[in-house]
Amino acid sequence: DYVLDSSCGWSALEEALNLSGPIIVEVGFGMGVSLHNQAQSDRQTNFIGIDVYLPGLGNLIRLLQKSQLKNVRLYYEDAVEIAQRLAEWSKALPTPDQFVVCSGGGPGIMEAANKGAQKAGGVSVGLNIDLPYEQTHNEFIDSDKVIDFDYFFVRKVMFVRYAQAFVVMPGGFGTLDELFEAITLIQTNKIERFPVILYGSDFWSGCIDWIKNTVCQKFNNVSTNEMFLFELVDSKEEIVDLSLIHI
């Protein structure tokens, strides 16, 4: 296991995990896919980069998730299948273009993401957060692909830095934090645009209605065009199709 904090530089993550291809990051209650390698331009920052522990890592798919959702079983199997399908698709690509599945490293839907990747024989990475009362990394992460973070903000930077898409499952404050961070960075052109896919209209429709009716239309704090920065779907097939179209 590796512990990352804000005193480290970009390169450590790739070096430690020693991956040769791109990344598909976490399938959990949310999913994301990573940006292509940008190690050279970022090495002057004060973070250890995933590119150090995961050398050659370029493509990442991330699922955002909540570890303590009451109806976790309802979404668990869906997340396993999504991750498995994406990993199977990736394995059919030429080696330099392949993706790996990377989760938030913990239990619940994060575990489901890693489980699906392993079922497909794909690379399974976990960027775990060290919490005093809740999270330890799950058993479906490859033994040499577990990274522990002390700080949420450092871990979040790593996810967004490599994401080619986010698939966001129902979750709590952590899921919302990562979701809105990604949308804000896309909105402000701080990162390249990638698909942000919300799974489950029964969970997300109220939030979307509030953004549309209150934030956008009533207070004009979000433009109408910015409502298209994310998509809402209700089937596993749609998630996989949308991810593959945009990757």
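Above this text sits the structure in question.
Residues numbered from 1 in each chain as written. Predicted model: local features only at pLDDT ≥ 70, side-chain atom pairs only at ≥ 80, totals over all residues. Heavy atoms only, no water.

Caption draft 1: Seen up close, helix H9 (residues 236–246). All buried positions along H9 are accounted for by Lys236, Ile239, Val240, Leu242 and Ser243. For H9, the buried positions fall inside an angular range of 165° around the axis, keeping them on one side. (Buried < 20%, exposed > 50% of the residue type's maximum accessible area, 1.4 Å probe, protein only. Helix = DSSP H or I, 4+ residues; strand = E, 2+ residues; numbered from the N terminus. Arc of directions from axis to C-beta.)

Caption draft 2: Quick peek at empty space enclosed by the protein. Within this structure, the stated rule accounts for one cavity of 30 Å³ or more. Estimates place the volume of the largest cavity at around 30 Å³. Lining of the largest cavity is provided by Leu179, Phe180, Ile183, Leu198, Cys207, Ile208, Ile211 and Phe230. Each residue belonging to the lining of the largest cavity can be placed in one class, and the counts come to eight nonpolar, no polar and no charged. (1 Å grid on protein atoms, 1.4 Å probe; cavity = no way out; pocket = protein on both sides within 12 Å on 5 of 7 lines; lining within 4 Å. Points joined across faces, edges and corners; volume = space filled by probe spheres on them. Nonpolar A, V, L, I, M, F, W, Y, C, P; charged D, E, K, R; others polar.)

Caption draft 3: Just unusual backbone geometry, in detail. At Asn189, a residue that is not glycine, the phi angle is positive and equals roughly 60°. The exposed category is assigned to Asn189, whose relative accessible area is 67%. Backbone geometry at Asn220 places phi at a positive 55°, although glycine is not the residue there. Residue position: Asn220 is located in the loop between helix H8 (201–218) and strand S10 (231–233).

Caption draft 4: Here's a closer look at the packing of aromatic side chains. Considering all chains together, one arrives at five aromatic pairs under this definition. Taken together, a centroid distance of 5.2 Å and an interplanar angle of 40° make the contact between Trp89 and Phe99 tilted. Note that Trp89 is positioned in helix H4 (residues 72–91) and Phe99 in the loop between H4 and strand S5 (100–103), a separation of 10 residues in sequence. Looking at Trp89, the relative accessible area reads 23%, which means it is partly exposed. Assessed through its relative accessible area of 8%, Phe99 is described here as buried. (Phe/Tyr/Trp six-rings, centres within 6.5 Å; stacked < 30°, edge-to-face > 60°.)

Caption draft 5: Region of the structure containing the pairing of strand S9 (residues 196–199). The alternating pattern of S9 places Val196 and Leu198 on one face and Ile197 and Tyr199 on the opposite face, and all of these are buried. Two strands pair when backbone bridges link them, and strand S8 (residues 163–168) and S9 are joined in this way by three bridges, in the parallel orientation. Looking across to S9, one finds that Val168 is bridged to Leu198. Crossover handedness for the path S8 to helix H7 (residues 173–187) to S9: right-handed. Where S9 lies against S10, three bridges are found, and the strand directions are parallel. Within S10, the position partnered with Ile197 by the bridge is Glu231. Between the parallel elements S9 and S10, the chain passes through H8 in a crossover that is right-handed. (Pairing = 2+ DSSP bridges. Right-handed = clockwise from strand over helix to strand, strands pointing away.)

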